[in-house]
Every structure is written in C-alpha cells, then in structure tokens.
Amino acid sequence: MNIGEIARRAGVSRSTVSYALSGKRPVSDDTRRKIQEVIDELGYRPNASARALANGRTSTIGLVFPPAGNHYTGMQLDFIGSVVEAAAAYDYDVLLSPSGVDTDRSFQRLLGERRVDGAILMEIRLEDDRVDHLAALDFPSVAIGRTAHPESGWWVGLDHTALAAACVHHLADLGHRRIAFVNRPEQLLRTGYESAHRGLDGFTKAAAERGLTVRAYCCGDDAASGQACLERILHDDPATTGLVTLNEAALGGLYRGLAQAGRHVPRDFSVTGVVAARWAETVTPQLTAADVPAAEMGRRAVELLVERLGRPGTPPRHHLLAPPISLRASTGPAGNPPIAVEGPDTTP
C-alpha cells in the first residue's frame, strides 16, 4: 500500500496526501479527515525511509558505543539499556554503532548517510576525535563522559576524580594506611580513557593528602584478571588492607583472590569503589561503593539530545554527577593483615 493508492481512494492528489502526513503545508480539516479514514481503513504505515525524506527526520538516535575490550561489560549494557528505554519515551529508536574513532566505517556511515537525527557518544577519551568531528559539523550530539576541555560541549558526566577521592577518604577514616587502586585495562589508560585517568588522579591526590602508602594497578575487564591483580597486590605489599576499584567486571575475581589468600572481607581487608549499584549488590559481602547512576545518566543524555534537536542554537548544557558512597558490608576498621607463615623446609 502506498501514497498513490491512498490518494486515489480519498479523491485527492498524491502531494495532498504527502502534505497531510508530513505537515509541511496546511491541509483542510475535511481533507485531512478523509485521508485519515482511508489510512485507518487500509492500515497504512508510512515507510521509515520515505518519511525521513519527507520531513528530514529519522526518529532515530545513534548510540556510538565501542566495547572497551572484546565484549560489553555489565555496566556498559546497563548504559545501553538506559538509553534505549529513555529514547522510547520520546518515540525514538536507537541505532548502535560500535565506533571508537571518527575514521571507523560505522561512524562514517552514521553521518554520511544521515541515518540518525542525533548521536550519544560513550567511552569518551580526554582527546576524542569523534566529539571534535561532530562539533565541527554542528551535528547534534551529547557525550556521556567529558573530554579534557568540556566547557563548550553537551554532556553528562560522572565525577570520577571526586568519587575515587571519596573512596580513599572513607578507607583512611577507617584507619587503613596501605591501599591499592584497581583501574581499568592498561590500553584504556594509554589511549586517554577519561574515567580511568580522572579516577587515578582523584585516588592519587587523596592518598597524598592522607599520607597513605599506595600502589595503582591496571586490570582487565574480567574475573580472571581481577583475581590475578589481587594476587599481584598482595605479592607487592602483603600489608595492604584495602583497595579502591573502578573495574566492576573484575570485582568477582578480586573477591575470589582475597578468599584464596585467606583475607576475610571486611574483617582484615576492605574493598570499595565506583560501581553500578546492581553489580555492587551481587557480591558477598555487598560492596560499599559510589553507585554509578547508569539509568539517570542515560535518561539525562537523551533529554539533552531531544532538547538540542527541538531547539537548535540553544547554548550547550551539561550535568556532572557525584553520588554519595552507599555504605554496605565490604568495608570496616583496619585490622592487622594475616602474616604469611612459611612451612618447614622439606628440601632433602
């Protein structure tokens, strides 16, 4: 079924039907009602591509979201779900593009073929060519994350510097003097991944303020890497009594490594970090953490993008979020860590 058939049955021209559907030109109420009756009778649904050509809108948002490694982590999937749900409330579909740089073919198709009305960018780097490219084109976009110079952009961000520092102060207040920082994978730090850099900066500065002895580690986004990282921490400094992590995907492995080392949480080792609430609550004991508000961040990013699409020329706006630490069961007063006791020498 097409516009020509609707026009024939309604006794009007094809252009009149097109104007009635797109709203580009006024159509009398009688004519509009007659056309709508035919549409209802035939169950007509306009082709999305044709509708986009007619009114210049695709009713689709692009989500430019590369997986940090070989797969999406649980927190990344939470963000994707939050954006899709928020977009649906505004009657927008979401097209996912796993683009890490502006030269990716997926990213170029998104722009060159005008498949979307606007874009939400994730996995932001301090120097991010995707953000710069869209800004140069004046293409409507919002970032979840901040570049090194975020003043003129549209974005929703999490204050990883303040949150990592808050975790350090929480452990220091409990009497911990030797703590470790478990960051995201090394390649993300090397390529300027903003949360990894800002989190490390907050941890380092807060530890210096409190006079703590600290070590920082990069860790892969999986449980096995978390366990291996914990083993390195205790090998490098057996007197370590606490850690701060940004790596929710490694959390289960960190806990497993502590259990195998005979460290009870929180009696003789405390764990805290910046993690989405539902992941903090999956470990035992539940993690004391600055909960990442994934749903709120996705919703706010969609709201900003819809505002930008509806009101071109509006001055840039942004939100920087810093949720408080949710006290659960993984942190406690610093105790004396178990001392490794060597067994008898059985060498013949």
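Our subject in this report is the structure included herewith. Small disclaimer: the values here were computed from a predicted structure and weren't measured. (Residues numbered from 1 in each chain as written. Predicted model: local features only at pLDDT ≥ 70, side-chain atom pairs only at ≥ 80, totals over all residues. Heavy atoms only, no water.)

## Observations concerning the environment of I233
Test applied: Counting from the N terminus, the helices are the DSSP runs of H or I reaching at least four residues and the strands are the DSSP runs of E reaching at least two. Note on contacts: a residue pair is in contact if any heavy atoms of the two residues lie within 4.5 Å.
Note on placement: I233 falls in helix α11 (residues 223-236). Through-space distance from the C-alpha of I233 to that of H197 is 20 Å; in sequence the pair is 36 residues apart. Discounting residues that sit within four places of it in the chain, I233 has contacts with A180, V182, Y217, T240 and L243.

## A look at the sheet that holds strand β1 (residues 60-64)
Here is the rule we go by: Paired strands, as defined in this entry, are two strands with at least two bridges between them according to DSSP. Helix axes are fitted to C-alpha atoms over the stretch in contact, other axes to C-alpha atoms as well, and angles between N-to-C directions run from 0 to 180 degrees.
A sheet is described by the order of its strands in space; here 6 strands give the open sequence β2-β1-β3-β4-β5-β11, paired in parallel fashion. The sheet is open, and its two edges are formed by β2 (93-97) and β11 (318-321), each paired on a single side. Here the average twist between neighbouring strands, direction ignored, is 15°. Helix α14 (residues 294-310) contacts β1, β3 (118-121), β4 (141-144), β5 (155-158) and β11 of the sheet and is inclined by roughly 165° relative to β4.

## Some words on the sheet that holds strand β7 (residues 213-218)
Taken in spatial order, the 6 strands make up an open sheet running β7-β6-β8-β9-β10-β12, and their pairing is mixed. One side of each edge strand has no neighbouring strand; the edge strands of this open sheet are β7 and β12 (325-326). Summarising the sheet, strand β6 (residues 178-183) and β7 pair through 6 bridges and their orientation is parallel. Pairing of R178 across the sheet is with T213, part of β7. The sheet contacts of helix α5 (residues 74-89) involve β9 (270-276) and β10 (288-292), and relative to β9 the element is tilted by about 30°.

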